[in-house]
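Structural description and commentary
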There are 2 protein chains.
Amino acid sequence: MSAGEDGTPRREGGPAATARHAVTAEEVARRAGVSQSAVSRAFTPGASVAPKTREKVLAAARELGYRPNAMARSLITNRSRIIGVVMAYLDNLIYPDVLEKLAAGLQQRGYQMLLFTGFKDRHSDPVFEQVMQYRVDGLLLASTTLSSDLSDECAAAGVPVVMFNRMTEHPLCSSVTSDNCKGGRQIAEFLVAGGHCRFAYIAGAAISSTNRDREAGFREGLLRHGIARIGYAEGNLELADTRAAARGLFAADEPPDAVFVGSDHMALAVMEVARHEFGLRVPEDVSIVGYDDVGAADWPSFSLTSFTLPVAPMVDAAVELMMEQIESSSILSHHRVVPGRLAVRGSARLPGEPVRDQDGTLIWAPARME
Amino acid sequence: MSAGEDGTPRREGGPAATARHAVTAEEVARRAGVSQSAVSRAFTPGASVAPKTREKVLAAARELGYRPNAMARSLITNRSRIIGVVMAYLDNLIYPDVLEKLAAGLQQRGYQMLLFTGFKDRHSDPVFEQVMQYRVDGLLLASTTLSSDLSDECAAAGVPVVMFNRMTEHPLCSSVTSDNCKGGRQIAEFLVAGGHCRFAYIAGAAISSTNRDREAGFREGLLRHGIARIGYAEGNLELADTRAAARGLFAADEPPDAVFVGSDHMALAVMEVARHEFGLRVPEDVSIVGYDDVGAADWPSFSLTSFTLPVAPMVDAAVELMMEQIESSSILSHHRVVPGRLAVRGSARLPGEPVRDQDGTLIWAPARME
DNA sequence: GCTTTTTTTGCATGCGTATGCAATTTTCTT
DNA sequence: AAGAAAATTGCATACGCATGCAAAAAAAGC
């Protein structure tokens, strides 16, 4: 169990260190021959300290390995510089990216991230109790919503709430989303222009605003061309469910020749099923379009046409929204919708109208749609 | 920018709430007609409180929306119940999974996760400064190591350090890894048994212990069969670098007919290049084997033979190791190596010896190897 | 050099909680 | 019912730091 893989035993439980005593400002003060206040000020940008004193303090701090205690500080300042991030699951391929960019953005502004995830099945309310105990300065929810009561509580506690990739009707929560509705519409136009005739939609989380808007946009776009009846199934953001949904559609009497799947994560699974279980050629037999434009969409094996979820600008917007509210210490409800674009690849038949190249990605956006 | 996508303006900056005053134990105490100590005890499991009193307190707390302040608590107890998790990047497909399981495991034990990520290029030392200010009870590093000085500092501060998927020579850090060496060896045996003759290895992060061990195992396994010279290139865990590495190998005069790629993340990219850029059939023209067994390895498009990184047991081990040290408040160096197995799929030619089925996955593990 | 202004410093306090200790109440014994 | 034992409670304090205020020191003005 704890031997090197070649059999030699490794040192175990060597010199057990049991310090558990962190250096305090008081100790640094004594060493530097100043008061504790001076130490505090030396570590507070813009505080009133003589340069010489600051030097002495920093030197002593370095020698002792002192680091200010963020907990104690937050007790006084009433600011933890921690943002609670709730992300129920990380399956969707965009979330690692979101997390990275979010962490970088917050870090840059001197904030840390307390992450709550890994409770896909359970409700997020118990998690909420935990978050609030740490007196987070803000709350960011991705692919989750908060019950109305809890939103109220946050507002009452002065904790701004920003939803990422989800809308909410709550009057005191902000949100950042992509233009789901427009995306859905544009995909409808694109598929119609491509000469398809039997359409289907595979839903993500049926109750989420994100899914609702994508679906609504898609249906609306089709309706403009007189298409009202389309195939429908729910993938529920789960691979197993998605595969089952795809099987149902492809096995039908009149299988679709154009499928819009509510997220790339699911779209890739649908493509696998189409090709390997039904022997369908993509896009000759069936066109598949996704949403999110995850990294794998661009791999030759998939070459998935997909509407871009503009992660970087969305994260920027979310961080900005959060900072604004924290700094003004007032809860304002703002809803930002970040535009995306259709990245045209090989998984859907092309319309006659030309696509154009933009930064190496093929875009389809006819004038009348803009 | 902040209008509904149908053009109707949304309510913006509605009733700005500016509470910023969290309820304290003192207030709850007054309301319940008890002392502040009683409130504290009511929220401390196992404390000495009469059931009736506890009820009164909890009722008052509920009415006021009181939640204990974790910061203040940590100041007294000298325990933050926060684990610092440093994960330089999340590209590797296993990390979302690791993160989810880790969060769940820590949560269950009443710990939270302060996540540091999104600094692939930069060094992790500045991050370290931040982590330590929050007086984390433990530090978990995935795909990163700590300079020796910083490891010393952690030990001195009584903060246990657990490395995940990386080994370290530092006498006061623990680690949890898969059996990289054995994995590499077994892959070598498998490929030799499959009748291949020109081998190549594509490295991940060349300096990491993980890569070193996988490569060493692979080379050792080949050497047992008298094979000393093999192709080599570095993918550096980056897709672009990996593709370049693959191109170099496949374009060589004597291209390999068996490639072991240091991680699935890269192996998938190698497969893409082989198929779509060189028109190679997998496994007829070239066998490709990866390491990690990520979800996508099992997709029909790839069907990647891969050595399993046993994420769940590894996370369990890491959490256990962490808790052990926190609870005993002594730093012990333990190194856990969790066994994996070769998941045999279609990307590599099969040896004559049979593979066997285990829980739906094909395993190849001849008796002499066990 | 002396006063006025400005800068720097230390003192004292409080943030919200946990906990040892002594006082108080309750329960148990006989 | 009275005394002993046990359970409960409140008081006071400390955790590590930031900050208002007044004292001290330094700089500036004359």
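Remember, it's a predicted structure, so these values are computed and weren't measured experimentally.

All right, on to the overall build of chain A then. Within chain A, the secondary structure is distributed over twelve helices and 14 strands. When each of the 370 residues of chain A is scored for burial, the buried share is 51%. Considering only residue pairs separated by 6 or more positions, chain A has 67% of its internal contacts joining residues 24 or more positions apart.

This part covers the protein's contact with DNA strand C. Residues in contact with DNA strand C amount to 27 residues; listed here are only the nearest, Thr53(A), Ala25(B), Ser37(B), Ser40(B) and Asn69(B). Listing elements by their share of the surface near DNA strand C, those giving two or more residues are helix H2 (36–42) and helix H4 (70–77) of chain A together with helix H1 (25–32), helix H2 (36–42) and helix H4 (70–77) of chain B. Here the surface near DNA strand C takes five residues from H4(B), the largest share from any one element. Looking at the surface near DNA strand C residue by residue, the classes come out as 13 nonpolar, eleven polar and three charged.

Residues and elements named next belong to chain A. Structurally, chain A comprises domain 1 (25–68), domain 2 (80–178 + 311–338) and domain 3 (180–304 + 345–369). Domain 2 and domain 3 are separated by 29 Å when their C-alpha centres are compared. Across the contact, nine residues belong to domain 2 and 13 residues belong to domain 3.

If you look at the interface, chain A gives 72 residues, while chain B gives 72 residues. Sort the elements by how many residues they give to the side of chain A that touches chain B and helix H5 (residues 94–108) of chain A lands first, with seven residues. When strand E2 (residues 112–117) of chain A meets strand E2 (residues 112–117) of chain B, the two strands line up antiparallel, connected through three bridges. The residue of E2(B) that forms the bridge with Leu115(A) is Met113(B).

Around DNA strand D, a shell composed of 26 residues is seen, among which Ala25(A), Ser37(A), Ser40(A), Ala50(B) and Thr53(B) lie nearest. Per element, the largest residue contribution to the surface near DNA strand D is five residues, and it comes from H4(A). Taken together, the residues of the surface near DNA strand D sort by class into 13 nonpolar, eleven polar and two charged.

Attention now goes to the environment of Ile230(B). Residues and elements named next belong to chain B. Within the secondary structure, Ile230 is located in the loop between helix H9 (209–223) and strand E7 (231–234). We classify Ile230 as partly exposed; it has 19 C-beta atoms within 10 Å. Residues Ile230 and Met323, spaced 93 residues apart in sequence, show a C-alpha to C-alpha distance of 43 Å. Ignoring sequence-local partners within four residues, the contact set of Ile230 consists of Phe199, Ala200, Tyr201 and Leu222.

Right, let's get into the relation of the copies chain A and chain B. Relative to chain B, chain A is turned by 180° and slid 0.0 Å along the rotation axis, the superposed coordinates differing by an RMSD of 0.1 Å. Seen this way, the second copy is the image of the first under a two-fold rotation axis. Mapped onto chain B, 100% of the interface residues of chain A are again interface residues, and the two copies thus contact each other with one and the same surface.

With that settled, consider the environment of Gly248(A). Residue and element names in this part refer to chain A. Residue position: Gly248 is located in helix H10 (residues 239–250). Under the C-beta neighbour-count criterion, Gly248 is labelled partly exposed, with 16 such atoms within 10 Å. The sequence separation of Gly248 and Gly194 amounts to 54 residues, and the corresponding C-alpha distance is 24 Å.

What follows deals with the confidence of the model for chain A. For chain A, the mean per-residue pLDDT works out to 90, and 90% of the residues sit at or above 70. Note on residues 1–17 of chain A: pLDDT under 50 across the span, and 31 contacts to partners over four residues away in sequence or across chains.

Looking now at the packing of helix H8 (residues 180–193) of chain B against H9(B). For any two helices packed against each other, the geometry is given by the interaxial angle and the distance between the axes. All names here are of chain B. Packing of H8 against H9 leaves a shortest axis separation of 6 Å and a crossing angle of 35°. Considering only the axes of H8 and H9, their crossing is right-handed. Taken together, the residues of H9 that come into contact with H8 (itself represented by Asn180, Cys181, Lys182, Gly183, Gly184, Arg185, Ile187, Ala188, Glu189 and Val192) are Thr210, Asp213, Arg214, Glu215, Ala216, Gly217, Phe218, Glu220, Gly221 and Leu222. Among the residues making up the contact of H8 with H9, the classes are represented as seven nonpolar, six polar and seven charged.

It is worth spelling out the sheet that holds strand E5 (residues 173–178) of chain A at this point. Strand pairing in a sheet relies on backbone hydrogen bonds. The paired strands run either parallel or antiparallel. Across the sheet, which stays open at both edges, the twelve strands sit in the order E11(A)-E5(A)-E4(A)-E3(A)-E1(A)-E2(A)-E2(B)-E1(B)-E3(B)-E4(B)-E5(B)-E11(B) with mixed pairing between neighbours. Lying at the two open borders of the sheet, with one neighbouring strand each, are strand E11 (335–338) of chain A together with strand E11 (335–338) of chain B. Going across the sheet, the axis of each strand differs from the next one's by a mean of 20°, ignoring polarity. Relative to E11(B), strand E5 (residues 173–178) of chain B is paired through four bridges, and the arrangement is parallel. Residue pairing across strands places Val176(B) opposite Arg336(B), the latter belonging to E11(B). Sheet strands touched by H5(A): strand E1 (82–87), E2 and strand E3 (138–142) of chain A together with E2 of chain B. Its angle to E2(B), the strand with the most contacts, is close to 85°.

Cut-offs applied
Every chain begins its residue count from 1, and numbering advances along the sequence as written. Just so you know, chain letters begin at A and ligand numbers begin at 1, following the order they were written in. Since the coordinates come from a predicted model, pLDDT governs what is reported: local features require at least 70, and pairs of side-chain atoms require 80 or more to be given and counted, while whole-chain, interface and lining totals use all residues. Only runs of H or I of at least four residues qualify as helices and only runs of E of at least two qualify as strands under DSSP, and these elements are numbered from the N terminus. With C-beta atoms placed from the backbone, the exposure class of a residue follows from how many other C-beta atoms lie within 10 Å of its own: 20 or more, buried; 12 or fewer, exposed; in between, partly exposed. We call two residues in contact whenever the C-beta atoms placed from their backbones are within 7 Å. What makes a residue near a molecule or strand is its C-beta atom, placed from the backbone, lying within 6 Å of it. Any residue outside Ala, Val, Leu, Ile, Met, Phe, Trp, Tyr, Cys, Pro, Asp, Glu, Lys and Arg is labelled polar, Gly included; the first ten of those are nonpolar and the last four are charged. Domain start and end points were adopted from an automatic or database domain assignment. DSSP calls a pair of strands paired once it identifies at least 2 bridges connecting them. We superpose the copies by least squares over the C-alpha atoms of residues that have a pLDDT of at least 70 in both of them. The predictor reports its confidence for every residue as pLDDT, a score running from 0 up to 100. Every angle, taken between N-to-C directions, lies between 0 and 180 degrees, and every axis is a line fitted to C-alpha atoms, over only the stretch in contact when it is a helix. Each crossing gets its handedness from the near helix: less than a right angle anticlockwise from the far helix is left-handed, clockwise is right-handed.

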